[in-house]
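# Descriptive structure summary
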Amino acid sequence: MKLRFGILSTASIVPRFLKAARETDELQVTALASRNLEKAREKAKEWDIPLAFGSYEELLRAPEIDAVYIATINNHHGRYARQALEAGKHVLCEKPFVTSEEEVHQLFALAREKGLFLMEAQKAVFLPAIQKAKELIKSGALGRVGMIEFSSPIDPGYNKWQFDPEKFGGPLYGNCVYSVEISQFLFDCAAIRCAGLRTTGSTTVEDQFSGVLLLENGVLFTNRCSTRVDIRHTAVIYGEKGSIEIPAYWRARDLILRRPGCEPEIFSYPCAHELVYEVRHVAACIRAGCVTSPVMTEEMTARAIRTLRSLDQAFQ
């Protein structure tokens, strides 16, 4: 029998999750919840979801649900992850997972106590292009890596609440989490120092930033993000023997390996919906009785929020 998922929120990412879920045979989306029943019914009909609920709590009590995907506003993630676990549901929770490292460990402890699966939704580390980059780094194709840089534009009209500091909004928490966790995945280590600058717009939340991290292995990490200008959306990993470019890194389909004296090698991994790799992984973990992912681990999530908090403080 397929795993039955319920979705908390009608946020803009939900249709992408739905499309990925429907590309797999492992799960089905059974229910959708909004804080407004009329909206829940409208979206459930539009997206062909059988059940609609007018509150998140009501969905969590539903016996038709095995697991939930939490796509709420950032500052509500921890609250509903806890409620879902208490209700006996497996949990996939959007990034940034929660607002503090302490809460990360509390929630994972609760999941272990309940024997339920819990993971931060981080599609990027499951993308074949990112996994190929890790393979190339480990093989020595680049020699010793010295620097990794990320840059990305953000649509300033996308999800207005993202610029509300009370809702844990902003490009730092919503965007830089990708690059921080990709770096952890690629190098199996965390940041030890950080610095950065940002500008702000109409709120205290940054509208662009430039952050610098020093990783435990000596790799220098930079991330530039802007809602003001259309900067390139790419990641580049620089080593002694060459470089790897990953265009559109958080939804990457391609990887370009460049080495002196050689033609660029392009590795392509086309797919209709990039969340499909993450969705398949989650379903496999739940089927296997796992309480945590062996890839997107508790420690990765805890390190990431610690790093982002440190960067946020460094910006002040």
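Here is a short report on the structure shown in this document. (Residues numbered from 1 in each chain as written. Predicted model: local features only at pLDDT ≥ 70, side-chain atom pairs only at ≥ 80, totals over all residues. Heavy atoms only, no water.)

When you go through the protein residue by residue, the secondary structure sums to nine helices and 14 strands. Its C-alpha radius of gyration of 19 Å places the protein within 12% of the 20 Å reference for a compact globule of 316 residues. When the backbone C-alpha atoms are referred to their principal axes, the protein occupies close to 60 × 45 × 35 Å. Taken over 316 residues, the protein has a buried fraction of 55%. A separation threshold of at least 6 residues defines the contact pool for the protein, and within that pool the share at least 24 residues apart is 65%. When the accessible surface of the protein is summed, it comes to about 13500 Å², and 49% of that surface belongs to carbon and sulfur atoms. (Helix = DSSP H or I, 4+ residues; strand = E, 2+ residues; numbered from the N terminus. Rg over C-alpha atoms; globule rule 2.2 N^0.38 Å. Buried < 20%, exposed > 50% of the residue type's maximum accessible area, 1.4 Å probe, protein only. Contact = heavy atoms within 4.5 Å. Areas by Shrake-Rupley, 256 points an atom, 1.4 Å probe, with all protein chains shown as cover.)

A separate point is the sheet that holds strand β14 (residues 265-268). Taken together, the eight strands give an open sheet; going across it, the order is β8-β9-β10-β7-β11-β12-β13-β14, and neighbouring strands pair in mixed fashion. The open sheet has two edge strands with one neighbour each: β8 (191-200) and β14. Between one strand axis and the next, the sheet turns by 10 degrees as a mean value, whatever way the strands run. Pairing geometry for strand β7 (residues 145-153) and strand β10 (residues 220-226), over seven bridges, is parallel. Of the residues in β10, the one forming a bridge with I148 is F221. Those strands touched by helix α6 (residues 128-139) are β7, β11 (234-239), β12 (242-247), β13 (254-258) and β14, and its axis lies near 25 degrees from that of β13. Along the sheet face, helix α9 (residues 298-315) touches β8 and β9 (206-215) and points at about 50 degrees away from the line of β8. (Pairing = 2+ DSSP bridges. Axes fitted to C-alpha atoms, helices over the stretch in contact; angles between N-to-C directions.)

Let's shift gears to helix α5 (residues 101-114). Under the 1.5 Å per step criterion, the end-to-end length of α5 is 20 Å for 14 residues, consistent within 8% with the ideal 20 Å. Taken together, the buried positions of α5 are E103, V104, L107, F108, L110 and A111. Axial view of α5: buried residues confined to an arc of 155 degrees, hence all on one face. Opposite the buried face of α5, at more than 90 degrees from it, the exposed residues are E102 and E113. (Expected span 1.5 Å × (residues − 1). Arc of directions from axis to C-beta.)

What follows deals with the packing of helix α4 (residues 77-86) against α5. Between α4 and α5, the shortest axis-to-axis distance is 10 Å and the interhelical angle comes to 10 degrees. Taken as axis vectors, α4 and α5 run roughly parallel relative to one another. Counted together, G78, R79, A81, R82, L85 and E86 of α4 and E103, Q106, L107, L110, A111 and K114 of α5 form the full contact between these two elements. (Parallel < 35°, antiparallel > 145°, perpendicular 65-115°, else oblique.)

Before going further, it helps to spend a moment on a nonpolar patch on the surface. Residues M147, V212, L220 and Y238 make up a contiguous nonpolar surface patch of about 280 Å² in total accessible area. When you line up the elements, L220 lands in strand β10. Judged by its relative accessible area of 32%, L220 falls in the partly exposed class. (Patch = residues over 30% accessible without salt bridge, like charges linked within 9 Å, V, L, I, M, F, W, Y side chains within 5 Å. Salt bridge = Lys/Arg side-chain N within 4 Å of Asp/Glu carboxyl O.)

Another point: the pairing of β10. Within β10, five of the seven residues are buried, which leaves the element mostly enclosed by the surrounding structure. Hairpin geometry of β9 and β10 is characterised by an intervening segment of four residues between the two adjacent antiparallel strands and by a positive phi of about 90 degrees at G218.

Right, let's talk about the packing of α6 against helix α7 (residues 171-187) for a bit. Direction vectors running N to C along α6 and α7 enclose 40 degrees, while the axes themselves pass 9 Å from each other. Looking at the two axes, α6 sits oblique to α7. For the crossing formed where α6 meets α7, the hand is right-handed. For the pair α6 and α7, contact is made by I130, Q131, A133, K134 and I137 and by I182, F185, L186 and F187, respectively. When grouped by side-chain class, the residues that make up the contact of α6 with α7 number seven nonpolar, one polar and one charged. (Left-handed = near helix turned anticlockwise from the far one by under 90°. Nonpolar A, V, L, I, M, F, W, Y, C, P; charged D, E, K, R; others polar.)

With omega at -10 degrees, the peptide bond leading from K95 into P96 counts as cis. As for its position among the elements, P96 is in the loop between β5 (90-94) and α5. Notably, D188 is not glycine yet its phi reads approximately 55 degrees, a positive angle. With a phi close to 45 degrees, A248 is a non-glycine residue in the positive phi region.

This brings us to the packing of aromatic side chains. Under the definition given, this model contains nine aromatic pairs. Both rings, one in F150 and one in F221, keep their centres 5.4 Å apart while their planes meet at 45 degrees; by these two values the pair is tilted. Of the two residues, F150 sits in strand β7 while F221 sits in strand β10, which places them 71 residues apart along the sequence. A relative accessible area of 2% places F150 in the buried class. (Phe/Tyr/Trp six-rings, centres within 6.5 Å; stacked < 30°, edge-to-face > 60°.)

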